[in-house]
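# Commentary on secondary and tertiary structure
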Amino acid sequence: MLGVPDAALRRLAHPVRSGHASPAPQKGNSNFYSRLVMLVFGLFLFALGIVLTLRSGLGLGPWDVLHQGLSIHLPISFGQAGILVGALLLIVTVLLGERLGLGTVLNILLIGLFIDAILWSGSVPDMSGANPVARFLMDASGVLLIGMGSGLYIKAGMGAGPRDSLMLALSSLSGKRVGWVRTGIEATVLALGYLLGGTAGIGTLIFVLGIGLAVEAGFKLFRVPRRRAPEPKTA
């Protein structure tokens, strides 16, 4: 996900270790289950947004270009390709020492399953041959839904997705800012996915330019708190 503040991502990736841990459960497990519902619904919106960008035929976000490219060359669906990539990233990030949460595992499984279910249902029409304005509106709506889903998913505070976890691990190892590391990862997966036959185009540009604004809108709509990162300790 692009456009998410560094401090928010680091807090999300380490919900237990962070000094800004999620509030303690209230009234038994009600708080946990409400956060779980928030997480699952956020992941559904995220998946629906991806399907809208796919059906617009204008081009996908960098990771989805890779997923589509893999689904072309392997006997797996678009959603299954996302699950495969997420599982591989999960292994890598664990080896790199990142802490993971329940949200990490559900992110890997549910987004891919939701994508395949929506595509199988035929509820989102293929707009690749439709009016360019309609295709643009569908693609932009998809990016906006991804931002809304991101806001809910992050607010749940149950662990970062595997791609965010990889980004944070590489940032910690290299000492580079999260934004620069993220850009390098996105460029790499976009190039690889394009070489594999994934769809890149004006929709990819719309995603890259719009996802940050969409996530910020999701933050504002769902009142996701932005906490400042702790000041570094001096000797």
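Residues numbered from 1 in each chain as written. Predicted model: local features only at pLDDT ≥ 70, side-chain atom pairs only at ≥ 80, totals over all residues. Heavy atoms only, no water.

A word on helix H7 (residues 162-174). Counted at 1.5 Å a residue, the expected span for H7 with its 13 residues is 18 Å, and the 18 Å between its end C-alpha atoms agrees. When we look at burial in H7, the residues that qualify are Pro162, Arg163, Asp164, Ser165, Leu166, Met167, Leu168, Ala169 and Ser171. One or two steps after H7, the chain reaches Gly175, where phi turns positive at roughly 80°. (Helix = DSSP H or I, 4+ residues; strand = E, 2+ residues; numbered from the N terminus. Expected span 1.5 Å × (residues − 1). Buried < 20%, exposed > 50% of the residue type's maximum accessible area, 1.4 Å probe, protein only.)

Before going further, it helps to examine the packing of helix H2 (residues 30-56) against helix H5 (residues 102-121). The N-to-C vectors of H2 and H5 enclose an angle of 45°; their axes lie 8 Å apart at closest approach. In terms of orientation, H2 lies oblique with respect to H5. Crossing of H2 against H5: the hand is right-handed. (Axes fitted to C-alpha atoms, helices over the stretch in contact; angles between N-to-C directions. Parallel < 35°, antiparallel > 145°, perpendicular 65-115°, else oblique. Left-handed = near helix turned anticlockwise from the far one by under 90°.)

The axes of two packed helices give the description: the angle between them and the distance between them. Orientation of helix H4 (residues 78-95) relative to H7, taken along the N-to-C sense of each, is 35°, at an axis distance of 8 Å. H4 and H7 meet at a crossing whose hand is left-handed. In contact with Gly82, Val85, Gly86, Leu89, Leu90, Val92 and Thr93 of H4, H7 contributes Pro162, Arg163, Ser165 and Leu166. (Contact = heavy atoms within 4.5 Å.)

With that settled, the discussion passes to the side chain of Ser71. Along the chain, Ser71 falls in helix H3 (residues 62-73). For Ser71, a relative accessible area of 18% puts it in the buried group.

What follows concerns the nonpolar core. Nonpolar side chains tend to gather and get buried jointly when the protein is soluble and globular. Ranked by internal contacts, the top residues of the largest apolar core, which has 32 residues, are Leu39, Leu43, Ile50, Ile111 and Ile115. At the level of elements, H2, H5, helix H6 (132-156) and helix H9 (202-221) are the ones that each hand at least two residues to this core. A per-element tally of this core places H2 first, with 7 residues. Excluding anything up to four places from it in sequence, Leu39 contacts Gly103, Leu106, Tyr153, Ala156 and Met158. Core analysis: the next-biggest nonpolar cluster, separate from the first, contains 11 residues, Trp63, Leu70, Leu166 and Val181 among them. (Core = buried A, V, L, I, M, F, W, Y, C linked by side-chain atoms within 4.5 Å.)

The end-to-end C-alpha distance of H2, which contains 27 residues, comes to 39 Å, matching closely the 39 Å that a straight helix rising 1.5 Å per residue would cover. Once H2 ends, the next one or two residues include Gly57, with phi positive near 75°.

Bringing a nonpolar patch on the surface into the picture now. A grouping of Leu74, Leu84, Leu88, Ile91 and Leu95 is seen on the molecular surface, where their side chains present a nonpolar patch of about 480 Å² in accessible area. Assignment of secondary structure puts Ile91 in helix H4. (Patch = residues over 30% accessible without salt bridge, like charges linked within 9 Å, V, L, I, M, F, W, Y side chains within 5 Å. Areas by Shrake-Rupley, 256 points an atom, 1.4 Å probe, with all protein chains shown as cover. Salt bridge = Lys/Arg side-chain N within 4 Å of Asp/Glu carboxyl O.)

Moving on to unusual backbone geometry. Trans peptide bonds make up the majority, and among non-glycine residues the majority have a negative phi. A positive phi angle, near 55°, is found at Arg223, a position not held by glycine. Along the chain, Arg223 falls in the segment after H9. Of the residues examined, Arg223 reaches a relative accessible area of 72% and is grouped as exposed.

All told, the structure shown has 2 aromatic pairs when counted by the stated rule. Both rings, one in Phe32 and one in Tyr33, keep their centres 5.3 Å apart while their planes meet at 70°; by these two values the pair is edge-to-face. Exposure remark for Phe32: the relative accessible area of 29% places this residue in the partly exposed category. Ring plane angle 90° and centroid distance 5.4 Å describe the contact between Phe44 and Phe114, whose orientation is recorded as edge-to-face. In this pair, Phe44 is assigned in helix H2 and Phe114 in helix H5, connecting sequence segments 70 residues apart. With relative accessibility at 30%, the residue Phe44 sits in the partly exposed group. Sitting over the ring of Trp63, Arg163 keeps its end group 5.1 Å from the ring centre. (Phe/Tyr/Trp six-rings, centres within 6.5 Å; stacked < 30°, edge-to-face > 60°. Lys NZ or Arg CZ within 6 Å of the ring centre and 35° of its normal.)

Geometric values such as these leave the question of function open.
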